Amino acid sequence: MACGSQPRPESEKGGADGLALPPFHEAEIKSQMPYHYTTEWRRRSGRRSPFPGQIVNTFEFHRFRFHFRARDPVRFPAGKSANVVRGAFGLLLRDNAPAAYARLFQPRAPEGSHMPSGLADWPRPFVFRAAHLDGQTIPAGGDFFFDVHVFDVRRPALPHFRMAFEALADAGMGPRRGRAILERTGQLDLAGSARAVADQPLAPCVVSLDPDPEPAERVRLRFLTPTELKTGGGVSERPEFPILFGRLRDRLSTLRALYGAGPLDIDFRGMGERAGSVRLERSALEWETVERLSSRTGQVHPIGGFTGEAEYAGQLAEFLPWLRAARWVGVGRQTVWGKGDVRVVGSTTSVGPATPP
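Please read all numbers here as calculations on a predicted model, not as lab measurements. (Residues numbered from 1 in each chain as written. Predicted model: local features only at pLDDT ≥ 70, side-chain atom pairs only at ≥ 80, totals over all residues. Heavy atoms only, no water.)

### Some thoughts on the overall build of the protein
Counting secondary structure elements, the protein contains seven helices and 16 strands. Expressed as a percentage of contacts within the protein between residues at least 6 apart in sequence, the contacts between residues at least 24 apart total 77%. Only carbon and sulfur atoms are counted for the fraction: they give 49% of the accessible area of the protein, which is about 15900 Å². (Helix = DSSP H or I, 4+ residues; strand = E, 2+ residues; numbered from the N terminus. Contact = heavy atoms within 4.5 Å. Areas by Shrake-Rupley, 256 points an atom, 1.4 Å probe, with all protein chains shown as cover.)

Spelled out as structure tokens, the structure:
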């Protein structure tokens, strides 16, 4: 199904049949969680996969773009544009739509799910994409936009996003509280083509997670926004492939299990073992130090990470679709702020000398 074509009827939204799925605490690295999802799904539903008789290796999400016109100059601090938007959005949503705030900012497992300690919190079902505004000052009368990717395809909450962004624009955004007007909302497909939407979203975008049909033995990634990958209780200094893929695999499978069509029926363990044979051949990375001030607690929190490029060599065909999906969901810590935006910028079938960027 092409994304953004038409709304889906209620009977087709979600594939969980009302089953409460087990949660995942995104701040912890618990590689057994994807196995838990799949095992729990099979135990409760009596099925082998969410779709009887077939394996569906896809990921669905909505891609919304919000267009504004500045009434005053609107300034976005360097490295903090998404944080500016996210913080104000959360406050306005909390004050005006507390139920939606709880669902989007404090998602938790249903009561009575009896999950292990530390697994009651769910990852938030959205990310911001506003890095193109970093360090920009939009003059009065100028246009600007930012994107939101929403992973809860059952309840994408578009009216709540529109309401909060209208209020944010009217109250003013950025450190100087520049006012703006929300002019229109669009829904984008994977290629970036947009169609106007109001409160009812169109059909979601669908990306395949099936292996590429052609072999790939080298891939170059660009870490477009600061990225932090947790491992062994700390932060990895280098984006070694098993760590990168493990975090991405768990994030995609978790989001799909909790908010989409249900758990993926894939060989988690085998893919992890094969990822271990992929080598980090070259990297040109820089660490960006960025901090944010919490308006709620007054505490300063780091939101930096590494940016730049890394090149990997190995048998990569089965991993390429997952790496491409990283641009939509992010990977690592603090993805809601737009961190961990990773792009595939090149792949080849040869393990010879790398092609220059």
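### Concerning the pairing of strand β1 (residues 58–70)
A large share of β1 lies buried, amounting to 11 of its 13 residues. By the bridge criterion, four bridges tie β1 to strand β8 (residues 205–208) in an arrangement that is antiparallel. Opposite phenylalanine 61, over in β8, you have cysteine 205 as the bridge partner. Pairing of β1 with strand β6 (residues 180–188), which is carried by seven bridges, proceeds in the antiparallel orientation. Bridged to phenylalanine 64 within β6 is glutamine 187. (Buried < 20%, exposed > 50% of the residue type's maximum accessible area, 1.4 Å probe, protein only. Pairing = 2+ DSSP bridges.)

### Things to note about the sheet that holds strand β15 (residues 305–313)
Sheet architecture is open: four strands sit in the order β12-β15-β9-β16, paired in antiparallel fashion. The sheet terminates laterally at β12 (279–288) and β16 (342–348), the two strands that pair on one side only. On average, each strand axis in the sheet is tilted by 10° relative to the strand beside it, whichever way the strands run. As paired elements, β12 and β15 share nine bridges and run antiparallel to each other. By the bridge assignment for β15, glutamate 288 is matched with glycine 305. Sheet contacts for helix α7 (residues 320–329): β9 (218–227) and β16; angle to β16, the most-contacted strand, approximately 145°. (Axes fitted to C-alpha atoms, helices over the stretch in contact; angles between N-to-C directions.)

### Looking at the packing of aromatic side chains
The full count for this structure, using the stated rule, is 29 aromatic pairs. An angle of 80° between the planes, with centres 5.1 Å apart, marks the rings of phenylalanine 146 and phenylalanine 165 as edge-to-face. Here phenylalanine 165 lies in helix α4 (residues 158–171) and phenylalanine 146 lies in strand β5 (residues 143–150), a separation of 19 residues in the sequence. Clustering of aromatic rings is evident, with ring pairs tying together Phe66, Phe68, Phe76, Phe89, Tyr101, Phe105, Phe126, Phe128, Phe144, Phe146, Phe161 and Phe165. Positioned over the ring face of tryptophan 328 is arginine 327, at 4.3 Å from the centre of the ring. (Phe/Tyr/Trp six-rings, centres within 6.5 Å; stacked < 30°, edge-to-face > 60°. Lys NZ or Arg CZ within 6 Å of the ring centre and 35° of its normal.)

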